[in-house]
Amino acid sequence: MTKYMDGNNGRETLQKALTMTSNLRPRRPRRSVCGGNISRRDVLCATVCLGLISPLLAMSWQNAHAASEAIKPLGVSEIAPGLFVHQGRHELTSANNLGGISNAAFIIGEEAVAVIDTGGSYRFGQSLRAAIKEKTDRPIRYVINTHMHPDHVLGNAAFKTDNPEFVAHYKMSRALAARAENYLAAAKNLLGDAAFEGTEVILPTRSIESLETIDLGGRQLSLDPQPTAHTDNDLLILDERTQTLLLGDLLFVEHIPALDGSILGWLQVIEKLRKVGAARAVPGHGPASVSWPDSIAPEERYLQKVVTDIREIIASGGTLASATKTAGFSEKDAWQQFDDYHARNVSAAFAELEWE
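Attention in this report is confined to the structure presented alongside it. (Residues numbered from 1 in each chain as written. Predicted model: local features only at pLDDT ≥ 70, side-chain atom pairs only at ≥ 80, totals over all residues. Heavy atoms only, no water.)

### Examining the packing of aromatic side chains
Definition in use: The rule is short: rings of Phe, Tyr and Trp, with Trp giving its six-membered ring, pair when the centres are within 6.5 Å, and they are stacked under 30 degrees, edge-to-face over 60, tilted in between. Here a strand is any run of E in DSSP of at least two residues, a helix any run of H or I of at least four, and the numbering for each starts at the N terminus. Type-normalised accessible area, obtained with a 1.4 Å probe on protein chains alone, sets the label of each residue: buried when under 20%, exposed when over 50%, and partly exposed for intermediate values.
The full count for this structure, using the stated rule, is four aromatic pairs. Pairing Phe84 with Phe106 gives two aromatic rings, centres 5.0 Å apart and planes at 15°, and the pair type is stacked. Placement of Phe84 in strand E4 (residues 83–86) and of Phe106 in strand E5 (residues 104–108) is noted, with a sequence separation of 22 residues between them. Taking the relative accessible area as the measure of exposure, Phe84 reaches 7% and is therefore buried. A ring pair is formed by Phe329 and Phe338, whose centres lie 5.5 Å apart and whose planes are at 75°; its orientation type is edge-to-face.

### What to know about empty space enclosed by the protein
Rules: Buriedness of a pocket was judged along seven lines, with at least five required to meet protein on both sides within 12 Å; pockets are open sets of points on a 1 Å grid over the protein atoms alone, cavities are sets where a 1.4 Å probe fits but cannot get out, and lining residues have an atom within 4 Å of a point. Grid points are joined across faces, edges and corners, and a volume is the space filled by probe spheres set on the points. Under the convention adopted here, Pro, Cys and the residues Ala, Val, Leu, Ile, Met, Phe, Trp and Tyr are nonpolar, Asp, Glu, Lys and Arg are charged, and Gly plus all remaining residues are polar.
Counting across every chain of the model gives one cavity of 30 Å³ or more. The wall of the largest cavity is formed by Asn103, Ala104, Ala105, Ile116, Asp117, Thr146, Leu246, Leu247, Gly248, Val282, Pro283 and Gly284. For the lining of the largest cavity, the secondary-structure elements that each account for two or more residues are E5, strand E13 (244–252) and strand E14 (280–285). Looking at side-chain class alone, the lining of the largest cavity contains seven nonpolar, four polar and one charged residues.

### Looking at the packing of helix H8 (residues 263–273) against helix H9 (residues 297–315)
Note the cut-off: Between N-to-C directions, angles span 0 to 180 degrees; the directions come from axes that are lines fitted to C-alpha atoms, helices contributing only their stretch in contact. Less than a right angle of anticlockwise turn of the near helix away from the far helix marks a crossing as left-handed, whereas a clockwise turn marks it as right-handed. Here, residues are in contact when the closest pair of their heavy atoms is within 4.5 Å.
Relative to each other, H8 and H9 sit at 145°, their axes nearing to 10 Å. With respect to the hand of their crossing, H8 and H9 are arranged in left-handed fashion. Contacts between H8 and H9 involve Ile263, Leu264, Trp266, Leu267 and Ile270 on the former and, on the latter, Glu299, Glu300, Leu303, Gln304, Val306, Val307 and Arg311. Class assignment for the residues of the contact of H8 with H9 results in eight nonpolar, one polar and three charged.

### Description of the layout of surface pockets
Here the largest pocket is characterised by a volume of approximately 660 Å³. Of all the secondary structure elements, the ones that give two or more residues to the lining of the largest pocket are helix H5 (150–153), helix H6 (172–191), E13 and helix H11 (338–353). Top element by residues in the lining of the largest pocket is H6. It accounts for five residues. A breakdown of the residues in the lining of the largest pocket according to their chemical character gives 12 nonpolar, seven polar and five charged.

### So, the pattern of salt bridges
Rules: What counts as a salt bridge is simple: a side-chain nitrogen of Lys or Arg found within 4 Å of a carboxyl oxygen of Asp or Glu.
All told, the structure shown has 13 salt bridges when counted by the stated rule. When the shortest N-O distance is used, the salt bridge between Arg274 and Glu300 registers 2.7 Å. In this pair, Arg274 is assigned in the loop between H8 and E14 and Glu300 in helix H9, connecting sequence segments 26 residues apart. What makes Arg274 partly exposed here is its relative accessible area of 32%. Between Glu331 and Arg301 there is a salt bridge, with its nearest N and O atoms 2.8 Å apart. Of the two residues, Glu331 sits in the loop between helix H10 (320–326) and H11 while Arg301 sits in helix H9, which places them 30 residues apart along the sequence. Relative accessible area serves as the criterion here: at 7%, Glu331 is assigned to the buried category.

### Looking at the sheet that holds E13
Selection rule: At least two bridges found by DSSP between two strands are what make those strands a pair.
Spatially, the five strands line up as an open sheet ordered E10-E11-E12-E13-E14, and their pairing is mixed. What marks the edges here is a single partner per strand, and that holds for strand E10 (212–215) and E14. Ignoring strand direction, the axes of neighbouring strands in this sheet form an average angle of 25°. Where strand E11 (residues 220–225) lies against strand E12 (residues 235–239), five bridges are found, and the strand directions are antiparallel. Bridging across to E12, Asp224 finds its partner in Leu236. Sitting on the sheet, H8 is in contact with E12 and E13, with an inclination near 160° to E13.

### Overview of H6
The condition is simple: In this scheme, a helix's expected span is set at 1.5 Å multiplied by one less than its residue total. Two axes enter the bend calculation: one fitted to the seven residues ending at the residue in question, the other to the seven starting there, and the bend is the angle between them.
Compared with an ideal rise of 1.5 Å per residue, which puts 20 residues at 28 Å, H6 spans 24 Å between its outermost C-alpha atoms and falls more than 12% short. Roughly 55° is the biggest bend found in H6, and it falls at Ala180. Burial in H6 covers these residues: Met172, Ala175, Leu176, Ala180, Tyr183, Ala187 and Leu191. Contacts made by the buried residues of H6 are with H5, strand E8 (165–169) and helix H7 (193–196). At the C-terminal side of H6, Gly192 shows a positive phi close to 85°.

This is the structure in structure tokens:
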């Protein structure tokens, strides 16, 4: 509307058209096909108005067409029968990636579908949902979040119309609610208004306090809440049919690990996870599927190196400032996005280890 109606040029053009019609000599009315009278002035005014309206109608159609074209299914890989994964990008959240920087998955049973993490925006979640609908018409009954971080949960709203159970670790609801306002503000800033539109925080409707099983119809998923590690609300998922572990951010591959819980707790959880038998694993960040358990070795090495270096710095009277410049830097070339996350990891680990 602004393009056609605003500005001096538009007003002058319209004024000239109206002035021309007002100066026309009156003529004998002509009978219209509708039974009324129509003058040259009427014709001229109608022409002007149609000239304004037609582009608006065209714009309206184009906008509606663009909206329908905007929801394109994500590309997914079937890493095991009925188990599909979209690999997130090793990037920071932006309008270009719609917050799709972590892995998202879905599992199809004989009766229902479970979604594992939904990405970092409503629009990303819509594309994930479209990918599911391409593969099956079975209902989406469960949306399972592996932990609270925004790149794993802010796509949840795209599934509200499916009326699923939103499932998570029993500590996630409180942790996510406490950060919801900040997560949304940060996401809007990074995504921009258009890519952020529709994004909201959806809290869990079902909390997992101990080992539980979800049945998708001939296909069971084991849900195992973990002690504090990457966060204080990490949930481990095992697809029993294909023996696939979906680890969320308990496992980073290629992308540097990000610490938001306890570095010592994370190392303890890794030691336990190594004993879990599985045919393959899906990391929170990294390839869609990796071998197990050897794929967790680089992450364990990185975390242990950070711990060792910080302990030495603390023992020699060093400060946090010096730790952020030296601790764990021998690992720099082994990880993508090292500069984006490493200093924060060292800061969190230092605060934990200085009180040992």
